[in-house]
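# Coordinates in review
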Amino acid sequence: MRISLNPEQQAAVEHGDGPLLVLAGAGSGKTRVLTARIARLLETGVRPHRILAVTFTNKAAEVMRHRIAGLVGHEPAGLWAGTFHSVCARLLRLEADRTDRTRSFTIYDESDSERAVKRAMEEVDVDPRRWAAAALRARISDAKNTLVGPDDYAVTAFDPLSRVTAEVYPAYERTLASCNAYDFDDLLVRAVRLLEGDPLVCEKYGGRFAYILVDEYQDTNQAQYRLVRALAKVHGNLCVVGDDDQSIYGWRGADIRNILDFERDFPGTTVVRLEQNYRSTGSILEVANAIIARNRSRVEKRLRTDRPDGRRVVVSALRDERAEAVWTIRRIESLRDSYTLGDVGILYRTNSQSRAYEDALRGARLPYRVVGGIRFYERREVKDLLAYLRLVVNPADDTAFLRAVGWPRRGVGAVSLERLAAARSRAAPGTAAGGSLLAAAERADQVEGLSGAAAKALKRFAAGMESLRSLLPEASAVDVAEECLRAFGLRSALEAEEDGEDRLDIVDELIAGMVSFSGEPLEEEAATEGGGLELFLQHVSLLSDVDEYDPEEGVVSLMTLHNAKGMEFPVVFVGGVEEGLLPLGRSAETAEGVEEERRLFYVGLTRAMDRLLVTHVARRWRAGSSMPCAPSSFLEDLPEHAVERRMSGTTVGRPGRRGSSSFRSSPRATWATGAGWSGGLDATADGGDFGWRYDPSMGRIDSSAAGADTEPVYDYSESQEPFELTVGGRIVHPRFGHGTVVTLSGDGMGAKARIDFDGGGVKTLLVAHAGLRPAPG
DNA sequence: GATCGGTATTTTTTT
DNA sequence: AATACCGATC
């Protein structure tokens, strides 16, 4: 095995039996250690199927397999490597006989799950107008992540929302069971229940996995902890790798105590600390260290690097997000002598920030790829087709039935479906498969109150499904999908749509994905029916955005800070480092919240190998209005000698037009300036600076150096500049045309304008979203 | 009773 | 900016 390791890494790789905790700082080569350790186990004669490796993404598992193959010379066939969720799904599939679901279960994503919650709410008569299904779903998810079942939950539910949740929770569980479905959280919960509650299963898998390795352990939640504990009970050879400074999923139930308490939970633990960083330059590391050192609840450590200091970390102040994006793209272009586009990563806190960068990248004709955002498998057309396929595989899946039956339009509306559901629950109260909506649709002619047309359409739909299902034993997944597109007229329905061509392309992409999906070649699952369709469906349900990411593509990468975890780029831009955005909004209210945001910033900084450029802006469009933005408080902690502060010296655009409103006259709508800010934070009338006052103690403004930052020039004519709305003022609305403002009320997001349109009609519009512009002239 | 169009509401991060 | 929900129309 040829792989060079430092002494600490060596110790982790060669550690024999017993629990092992590897505290691996950013860029300290933990992936290297994990793969080397597995390779070494294999070389010492451990059979691959006795090893379980849990990674944070499917991609990471894939990469790991590949590298192990490179080290030991062959594919580690039989090795279990995957995310917690996919490992649990496999377990539940293999042991389906010991559960109340079949192996063809459906995995519900968040939106499926929310629909199911809504139906559960109806069942127990909870007012959907008073309680948001999304909030209840989130509560239930929290409960599941801490392994709190419906009964336990009810006992501790005191506040109103909890009380309602306690009512809906059990109904939701019944709904999932009758649909033969699990939600994301169930995969963990049910696997834990199986392992802890069924001695045979515990023995089987506990005995099987002689070695268990878990990556990114700092982001495990209670359920995942219990899963690991149950599996490691027999052999005790558990190796976890993580870094408490990179724990960024607290909001999703991750419990940082899992890693902090590991030694206590697993007595006899050997601890290995990896503090040598091989990724970043001295300056980058110094900045990152200074940031994270401000956190109070952490294990004290300090990463070192042997790399030279390199270039200083650039912190640049820009006017707004367009200027930020243009500046960033300029910088990328100037770096192209030394780096390729694939070397560049642009990171940000929220997905919506990608837009400005995308516009600028398109304008500069630079190829790029956004990781995340609107997920491929959450696109409407994809979900629609998948709903049909899910229903073929799992006839009990009512969520899929409702989705599929609703599109394309077939003359079956809400009322008919309600009647169908009523008939179903009378026929087979509380039972599983037999009581599915699809089964009811087959007998639609016997359903009372259903119109002839609706009954006919439902029967037709059910018959179509049946004939599709009859293909299953022989046909491949792709054949079934193609036949589905044809038989139900999905393809022609898409063609008829406005942007149907794009949507068809997407569907074809999905089909292409099916072709290349080989499933997991595990002998245990070799005998799968349906040409692997059910495996494919379960597989895609668990794919994440990052799994689609291809580092070889050679284009600029854009992604959220969360998605950037585990990645590295020679050149990293972190955008939007402003108070309210990073740290983000409400999370800044608690100390723990701020610390998690700071860790997130730290994760972003430590992705950089050679060059790190941080930007913040003075104004940003957020949720429909332009908000003044102060630099993030995190930027106060930078070691100035490792930093180069930049500020653009001159203004751009057309000075005559800009700043034409003072925001001081009355009456006015206050939305344009954002609530709560005034004076120094407002855009000033005479261009020249950014409104907020620059504190010289925060850094030097080197005007000669600033010249190197060529000022971005862009045209504001198309952008929605804030303007003053006054009673009696003339405006243009994108759809209704010209009009006169009659009254103004409310402020901030709630600001409303009553407008008398020339074309006739008086309308009250929400200013923030109406897209009003001043009438020219 | 289905469908269409307008209005209200909403944006944190994700398996 | 996009989606969900609601009321009006066909």
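Conventions and cut-offs
- Residues numbered from 1 in each chain as written.
- Chains lettered and ligands numbered in written order.
- Predicted model: local features only at pLDDT ≥ 70, side-chain atom pairs only at ≥ 80, totals over all residues.
- Heavy atoms only, no water.
- Phe/Tyr/Trp six-rings, centres within 6.5 Å; stacked < 30°, edge-to-face > 60°.
- Helix = DSSP H or I, 4+ residues; strand = E, 2+ residues; numbered from the N terminus.
- Buried < 20%, exposed > 50% of the residue type's maximum accessible area, 1.4 Å probe, protein only.
- Pairing = 2+ DSSP bridges.
- Axes fitted to C-alpha atoms, helices over the stretch in contact; angles between N-to-C directions.
- Contact = heavy atoms within 4.5 Å.
- Patch = residues over 30% accessible without salt bridge, like charges linked within 9 Å, V, L, I, M, F, W, Y side chains within 5 Å.
- Areas by Shrake-Rupley, 256 points an atom, 1.4 Å probe, with all protein chains shown as cover.
- Salt bridge = Lys/Arg side-chain N within 4 Å of Asp/Glu carboxyl O.
- Lys, Arg positive; Asp, Glu negative; His and termini not counted.
- Charge placed at Lys NZ, Arg CZ, Asp CG, Glu CD.
- Core = buried A, V, L, I, M, F, W, Y, C linked by side-chain atoms within 4.5 Å.
- Expected span 1.5 Å × (residues − 1).
- Parallel < 35°, antiparallel > 145°, perpendicular 65-115°, else oblique.
- Left-handed = near helix turned anticlockwise from the far one by under 90°.
- Nonpolar A, V, L, I, M, F, W, Y, C, P; charged D, E, K, R; others polar.

### Looking at the packing of aromatic side chains
Inspection of every chain in the model, using the stated rule, returns 16 aromatic pairs. The interplanar angle of 50° and the centroid separation of 4.9 Å between the aromatic rings of Y388 and F488 together place this pair among those described as tilted. With Y388 in helix 17 (residues 380-393) and F488 in the loop between helix 22 (477-487) and helix 23 (490-496), this residue pair connects regions lying 100 residues apart in the sequence. Residues Y388 and F488 agree in their burial class; the two are buried. Connected via pairs of aromatic rings, a cluster forms that spans Y388, F401, F461 and F488.

### So, the sheet that holds strand 8 (residues 270-274)
Backbone-to-backbone hydrogen bonds pair the strands of a sheet. The strands run either parallel or antiparallel. One open sheet holds the 6 strands; their spatial order is 3-2-6-7-1-8, and the pairing between them is parallel. Edge positions in the open sheet fall to strand 3 (80-82) and strand 8, since each of these has one partner strand only. Across the sheet, the mean angle separating the axes of adjacent strands is 10° when strand polarity is ignored. Contacts between helix 4 (residues 84-94) and the sheet are confined to strand 2 (51-54), strand 3 and strand 6 (211-214), with strand 3 contributing the most and set at about 130° to the helix. Across the face of the sheet, helix 11 (residues 222-232) comes into contact with strand 2, strand 6 and strand 7 (238-242) while running at roughly 160° to strand 6.

### As for the environment of L23
In this structure, L23 sits in strand 1 (residues 20-24). Accessibility expressed as a relative area gives 12% for L23, which makes it buried. Distance from L23 to D243, taken between C-alpha atoms, is 5.5 Å for residues 220 residues apart in sequence. For L23, the residues in contact, after removing those within four places along its chain, are G242, I259, V271, V272, R273 and L274.

### Notes on a negative patch on the surface
A contiguous patch of negative charge on the surface is contributed by E495, E501, D502, D505, E509 and E548. Top contributing element to the negative patch by residue count: helix 24 (residues 500-516), with 4 residues. Its location among the elements puts E509 in helix 24.

### Notes on unusual backbone geometry
With an omega of 10°, the peptide bond running from L582 to P583 counts as cis. Here the phi dihedral of L147 falls at roughly 60°; this positive angle occurs in a residue that is not glycine. Tracing the chain through its elements places L147 in the loop between helix 6 (133-145) and helix 7 (150-155). Positive phi values are uncommon outside glycine, yet N180 reaches one of about 55°. Take N180: it is sitting in the loop between helix 8 (160-178) and strand 5 (181-183).

### Observations regarding the nonpolar core
Counting 59 residues, the largest nonpolar core has Y388, L389, F401, L420, L458, F461 and L533 as its most contacted members. For this core, the element with the highest residue contribution is helix 17, accounting for 9 residues. Discounting chain neighbours no more than four positions away, the residues touching L533 are L389, V393, L472, A477, V480 and M514. In terms of nonpolar packing, the next biggest core, distinct from the first, is built from 40 residues, I248, V546, F634 and L638 among them.

### Some words on helix 6
The terminal C-alpha atoms of helix 6, which comprises 13 residues, lie 18 Å apart, in line with the 18 Å expected from a rise of 1.5 Å per residue. Among the residues of helix 6, A133, L136, R137, I140, S141, A143, K144 and N145 are the ones counted as buried. On its buried side, helix 6 packs onto helix 5 (110-123), helix 7, helix 8, strand 5, helix 9 (184-197) and helix 11. Of the residues one or two after helix 6, L147 is the one with positive phi, at around 60°.

### A few points about the packing of helix 17 against helix 18 (residues 398-406)
Taken N-terminus to C-terminus, the directions of helix 17 and helix 18 make an angle of 125°; their axes are 8 Å apart at the nearest point. It follows that helix 17 is oblique to helix 18 by the angle criterion. When you trace helix 17 past helix 18, the crossing you get is left-handed. Facing helix 17, whose interface residues are R380, K383, D384, A387, Y388, R390 and L391, helix 18 presents T399, A400, F401, R403 and A404. In the contact of helix 17 with helix 18, the residues fall into 6 nonpolar, 1 polar and 5 charged.

### A short note on the environment of A133
Inspection of the secondary structure assignment puts A133 in helix 6. Here the alpha-carbon distance between A133 and K118, two residues 15 residues apart in the chain, equals 5.8 Å. Setting aside chain neighbours within four positions, we find A133 in contact with E114, V117, K118 and M121.

### Quick look at the pairing of strand 14 (residues 556-560)
Counting buried residues in strand 14 gives 5 out of 5 residues, a clear majority hidden from the surface. Residues V556, L558 and T560 point to one face of strand 14 and S557 and M559 to the other, with burial holding for every one of them. Across 4 bridges, the pairing between strand 12 (residues 344-348) and strand 14 is parallel. Opposite G345, over in strand 14, you have S557 as the bridge partner. Pairing analysis gives 3 bridges linking strand 13 (residues 368-370) to strand 14, with the strands arranged parallel. Bridging across to strand 14, Y368 finds its partner in V556.

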